[in-house]
Amino acid sequence: MNTLSMKKAQQGFTLIELMIVVAIIGILASIAIPAYQDYTLKAKFSEVVTVGKSYQTAVAVCAQELGTVTGCSSGSNGIPATQATTHVASVAVTNGTITVTPTATTNAAATLVLVPTLGVGALTWAKTGSGCLTSTPALCKE
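Everything numeric in this text was worked out from a predicted model, so none of it was measured. Note on numbering: residues in each chain are counted from 1, in written sequence order. The model is predicted, so local features are restricted to residues of pLDDT at least 70 and side-chain atom pairs to those at 80 or more, both for listing and for counting; the totals for chains, interfaces and linings are taken over all residues. For the side-chain quantities, the full set of heavy atoms in the structure was used; hydrogens and water were omitted.

### Here we look at the pairing of strand β2 (residues 97–102)
And step 1. Here the term buried applies to any residue with accessible area under 20% of the maximum for its type, exposed to any over 50%, and partly exposed to those in between, with areas from a 1.4 Å probe on protein chains only. Runs of E in the DSSP output that reach at least two residues are strands. Runs of H or I that reach at least four are helices, and both are numbered from the N terminus. Side chains Ile98, Val100 and Pro102 of β2 all project onto a buried face; the interleaved residues Thr97, Thr99 and Thr101 project onto a face where none is buried.
And step 2. Any two strands with at least two DSSP bridges between them are considered paired. Two strands pair when backbone bridges link them, and strand β1 (residues 88–94) and β2 are joined in this way by 6 bridges, in the antiparallel orientation. The partner of Val93 across the bridge, within β2, is Ile98.
And step 3. In sequence, β1 turns back onto β2 through a hairpin of 2 residues, with Asn95 there showing a positive phi of about 50°.
And step 4. Pairing analysis gives 3 bridges linking β2 to strand β3 (residues 112–118), with the strands arranged antiparallel. Opposite Thr99, over in β3, you have Val113 as the bridge partner.

What follows is the structure in structure tokens.
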């Protein structure tokens with residue numbers, strides 16, 4: 001009976017089993033943390049894109065009324081002055097070109113620039129800016 005009680009007292013995980021579990025958790029964390037950081041950055045930058053889209057509407061109305069994008073600037077012709085939100089530091093519109101600058105906590109290096117091209121019966125937009133071209137192009141994808 002004495003040997004049977006000793007076997008029950010020694011039950012549990014071995015050191016190697018615990019080390020394997022810790023290694024697996026470390027591998028999963030090394031994959032999950034960068035993916036989560038990218039996800040949160042995209043979520044914050046989506047507000048920058050949304051604010052830009054609201055200004056696109058204002059520029060489109062201005063271009064339709066004037067027949068050109070020249071003169072479609074911040075604070076004139078129905079285009080609102082700069083707008084600041086939680087993730088947007090400022091918005092500037094000059095002759096239809098919209099520049100949305102995010103806050104430092106969002107991604108200050110990823111400025112969104114929307115450039116209009118007035119065609120026959122249509123206004124098309126090109127997304128440019130440091131965030132869309134170089135630093136993190138995935139931010140500007142829809």
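### Focus: helix α2 (residues 15–66)
And step 1. Relative to the 76 Å expected for 52 residues at 1.5 Å per residue, α2 spans 76 Å between its end C-alpha atoms, a close match to the ideal helical length.
And step 2. Those residues of α2 lying buried are Phe45, Val48, Val49, Val51, Gly52, Tyr55, Gln56, Ala58, Val59, Cys62 and Ala63. One less than the residue count of a helix, multiplied by 1.5 Å, gives the span that helix is expected to have.

### Comments concerning the state of the cysteines
And step 1. By disulfide we mean two sulfur atoms from cysteines, separated by a distance within 2.5 Å. For the coordinates displayed, the defined rule picks out 1 disulfide.
And step 2. There is a disulfide in this structure between Cys62 and Cys72, and the S-S distance comes to 2.2 Å. On the sign convention where negative means left-handed, the S-S torsion of about -95° between Cys62 and Cys72 marks this disulfide as left-handed. On the criterion of sequence distance, the pair formed by Cys62 in helix α2 and Cys72 in the loop between α2 and β1 is long-range, its members being 10 residues apart. Like Cys62, the residue Cys72 is buried in the burial classification.

### Here we look at a nonpolar patch on the surface
And step 1. Taken together, the side chains of Leu15, Ile16, Met19, Ile20, Ile24 and Leu28 present a nonpolar region at the surface, about 630 Å² in accessible area.
And step 2. In this structure, Leu28 sits in helix α2.
And step 3. Residue Leu28 is classed as exposed on the basis of its relative accessible area, which comes to 52%. Patch membership is restricted to residues that have no salt bridge and whose relative accessible area is over 30%. Joining uses 9 Å for like charges and 5 Å for the nonpolar side chains Val, Leu, Ile, Met, Phe, Trp and Tyr. The accessible surface values rely on the Shrake-Rupley method and a 1.4 Å probe; as for residues, cover is taken only from the protein chains in view. Between Lys or Arg on one side and Asp or Glu on the other, a salt bridge is scored when a side-chain nitrogen of the former is within 4 Å of a carboxyl oxygen of the latter.

### Quick notes on unusual backbone geometry
And step 1. Backbone geometry places Asn77, a non-glycine residue, at a positive phi of 55°.
And step 2. Residue placement: Asn77 occurs in the loop between α2 and β1.
And step 3. The backbone phi angle of Asn95 is positive, close to 50°, even though this residue is not glycine.
And step 4. On the secondary structure map, Asn95 appears in the loop between β1 and β2.

### Points about the sheet that holds β3
And step 1. Across the sheet, which stays open at both edges, the 4 strands sit in the order β1-β2-β3-β4 with antiparallel pairing between neighbours. Of all the strands in the sheet, just β1 and β4 (123–128) have a single pairing partner and so form its edges. In this sheet, adjacent strand axes meet at a mean angle of 15° when their direction is disregarded. Here, axes are lines fitted to C-alpha atoms. For helices the fit covers the stretch in contact, and angles between N-to-C directions go from 0 to 180 degrees.

### Regarding the nonpolar core
Across soluble globular proteins, you tend to see nonpolar side chains buried next to one another.
And step 1. In terms of nonpolar packing, the biggest core is built from 18 residues, with Tyr55, Ile79, Val91, Val93, Ile98, Val100 and Leu112 touching the most fellow members.
And step 2. Those elements that place two or more of their residues in this core are α2, β1, β2 and β3.
And step 3. In terms of residue count, α2 provides more of this core than any other element does, 8 residues in total.
And step 4. The contact rule is simple, with two residues in contact once any of their heavy atoms fall within 4.5 Å. Ignoring anything within four residues of it in the chain, the contact list for Val91 reads Val51, Tyr55, Ser74, Thr82, Gln83, Ile98, Thr99 and Val100. What we call a nonpolar core is a set of buried Ala, Val, Leu, Ile, Met, Phe, Trp, Tyr and Cys residues that are connected through their side-chain atoms within 4.5 Å.

Geometric descriptors of this kind do not, in isolation, establish any biological role.
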